[in-house]
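Topology and contacts: notes
Listed below are the residues making up each chain.
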Amino acid sequence: MPQSPHPAGKFPVTSGAGIEIKETYGPDDIADFDPARDLGKPGEFPFTRGPYQGMYRERVWTRRFQVGFGSPRESNERIKYLVDNGANGFVITIDLPTSYGFDSDDPIAQGEVGVTGVAISTLEDMEVLYDGFSPDALSYALSIRPPVSAVTLAMLAAVAEKKGVAFDKVIGTQQNDPFYQMSGGPLQTITQFFPLEGTLRLCADNIEFISTRMPRLNWMVTNGYNLRETGVNAIQDGAFTLGHAFNVFQMAQERGLDVNIFARRASFFLSASIDFFEEIAKFRAMRRIYAHTMKDIFGATNPECWRMRFSVQSAGNTLTTQQPEVNIVRAGVEALAAALGGAQSIHLCSYDEGHGLPTEASSRIALRTQQVVAYETGITRTVDPLAGSYFIENLTTQMEQAIRAKLAEIDALGGMFAAIRRGWLEEEINQARYQYQRDIDSGRRPLVGVNIFQVPQSEELPVAIHKIRADEWGAARGEYLRQWRQQRDHGKWSEAMAHIERAWRAGENMVPVLTHAVKNGVTMGECHKAMRAAQNWTIGGGGTL
Amino acid sequence: MGKHHRILLAKMGLDCHDTGIVIIAQLLRDHGYEVIYLGLHNSAEAVVRAALQENVDAVGISFLSGQHMTQMRLLMEALSRHQLDLPVLCGGVVPRDDADALAKLGVAEVFFPGTLGPDLIERVGRVLERQDHAA
């Protein structure tokens, strides 16, 4: 294995996505560049320089802190502690049973309760998460996709009602991406436990409810992050993410919703990977394509609908298990790329994620890393400091052209939904991720500590491990739900269950229906059971779970 | 290499991170193995049933989200219920501290993140060679 993979004169001269990079750039490389047309001012069309005029000078990006483990009570206590320590926004991660619409006491949940996030089965669980906080004051980003996001949105509405908060004051984010919540590409992820048509219908129900009733709530149109994590390159990332978003918008328009209203609160979740300039160019190019498409293709006349806003997480797939402390540096570089690319919110991966789920200590280091970028480096002082650079503008334009070419390919397939259904996306992903590994094996993609500059296992520093108490959490939640089912008003519960089935068949917007249901004791798992029944659909037989 | 080997790969539980296992499947195929990949969300019973039906030489399971101890215990129990003696390989985001516990369960090899392709092929080959000799 090479210790120095690139002997003198043999450094790779292409970017991660294969764009050829020249030795130097000069005026000729931006000969066609028109600052007024291609850049505009920050906060103005085509938003290349950022979605807002003052950007970080006025308000530093949100330092999101990811929380969620065990029971809602434990998670709420942790959030209270973090609020006292200056965190100002939270991504609430959900455990896997909840993510698929199962209660904590479902047999399928064995060994999974509270492990990857918090378990939410009842309205009371959501109330406990908001204990001490009001949904018009504290922003939670719920990392959840439909069908489950229709139920969590219903629970949020019920919490707001109970706390006397008007719907139009509620803040936060409901991730509402029908396809990419789950990491990886397989369609099986989203078709195993709920029919795809039903998932898309609930996605549109959520968009309709949020845009007409909760106008301050963000809804996430596309989780490009999980897509990128599979190993696709920056060009594919940009094209698949935007292609998917545009397809969701088409669906909303077909529902009769006004693009000038529903697109206002659309947002994205993107990855910042390690190829520094390419990532910055990707963010700038995506904003430009989005602005043009929203204006020219969707016909949006409200400038708020032209600006693309996104939160960023550093790339988990750039982390190494070997010499894990080096990951802190990688996350720092990725945070810089996100900030120079104009992100609205940043979350950095913890350095120990190759070993297990992050600990409190490693999460704190991740937060501190981006606080150094935000408060010490001075990069927040001026907006889009790289604008006008021969290299950056050339690369931004090249990224834009490459992403547009890929988008045209997707259009020719009938749009992103069609491309996913026919397996085209999965094929693209499988090729890309296999190539990614081969590049690491061959040393073409240098990875410090893995294919260059390794140390023997004996010299690796010890890593503290997040202790999983799945059996304990599962048992406690099982007992809680047993009591919940015993104590609720059975008459009201069964009426609410029947109402779900009727309303589904009648084609009603399900969010108010589910709000009524959760207020009458119906659990997360039962909401899904009733919705599956209304579609005459059962979870696949055979030997799968 | 001698004998032509068949390997069953699967994901268990609700975890859907399949990048690692899909790459491994292709890597093994490229090195002459016949791979049967069962996809996501398999129960222990389903894995064992497929292993019997397909008459495989080894089983490989990949994890990312912390289910490895629970699911590997269920799988090893199911294998012994069916009196099926096969080398079981485990890979993914598994804390090194758990490697001993997995070995005690009877897991033949644990592949941590960052394992390079050639290393993995060599170790899988050794496991199967041992199995061939034992048989």
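Anyway, here's the lowdown on the structure attached to this text.

Rules used in this analysis
- Residues numbered from 1 in each chain as written.
- Chains lettered and ligands numbered in written order.
- Predicted model: local features only at pLDDT ≥ 70, side-chain atom pairs only at ≥ 80, totals over all residues.
- Heavy atoms only, no water.
- Salt bridge = Lys/Arg side-chain N within 4 Å of Asp/Glu carboxyl O.
- Helix = DSSP H or I, 4+ residues; strand = E, 2+ residues; numbered from the N terminus.
- Polar contact = N/O pair within 3.5 Å; in protein donor to acceptor, adjacent residues only side chain to side chain.
- Contact = heavy atoms within 4.5 Å.
- Buried area = accessible area lost by both parts, 1.4 Å probe.
- Pairing = 2+ DSSP bridges.

Turning next to the pattern of salt bridges. Overall, the coordinates contain 44 salt bridges over all chains when judged by the stated rule. Its salt-bridge partner being D18(B), residue R433(A) comes within 3.1 Å of it at the nearest N-O pair. One end of the pair, R433(A), is in helix 17 (residues 424-442); the other, D18(B), is in the loop between strand 1 (6-11) and helix 1 (19-30), on a second chain. One salt bridge connects R469(A) with E472(A), and the closest N-O pair in it is separated by 3.2 Å.

Turning our attention to the side chain of N42(B). Its place among the elements puts N42(B) in the loop between strand 2 (34-37) and helix 2 (44-54). At 3.0 Å, the side chain of N42(B) forms a polar contact with the backbone oxygen of K11(B).

In this complex, chain B contributes 37 residues to the contact, which on the side of chain A involves 42 residues. Interface of chain B and chain A: buried area, both sides summed, is about 3100 Å²; carbon and sulfur atoms make up 59% of it. Sorting the residues of chain B by area buried against chain A places L14(B), H41(B) and L116(B) first, and these three jointly supply 23% of that buried surface. If you look at where chain B meets chain A, you find two salt bridges. The tally of links between chain B and chain A comes to twelve residue pairs in polar contact (both at pLDDT 80 or more). Counting residues per element, the ones that place at least two in the side of chain B that touches chain A are helix 1, helix 2, helix 3 (68-81) and helix 5 (117-134) of chain B. For the side of chain B that touches chain A, the element with the most residues is helix 1 of chain B, which contributes six residues.

This paragraph deals with the sheet that holds strand 2 (residues 65-67) of chain A. All names here are of chain A. Across the sheet, nine strands lie side by side as 1-9-8-7-6-5-4-3-2; this open sheet has parallel pairing. The open sheet has two edge strands with one neighbour each: strand 1 (62-63) and strand 2. As paired elements, strand 8 (residues 310-314) and strand 9 (residues 345-347) share three bridges and run parallel to each other. Among the inter-strand pairings, V312 is bridged to a residue of strand 9, identified as I346.

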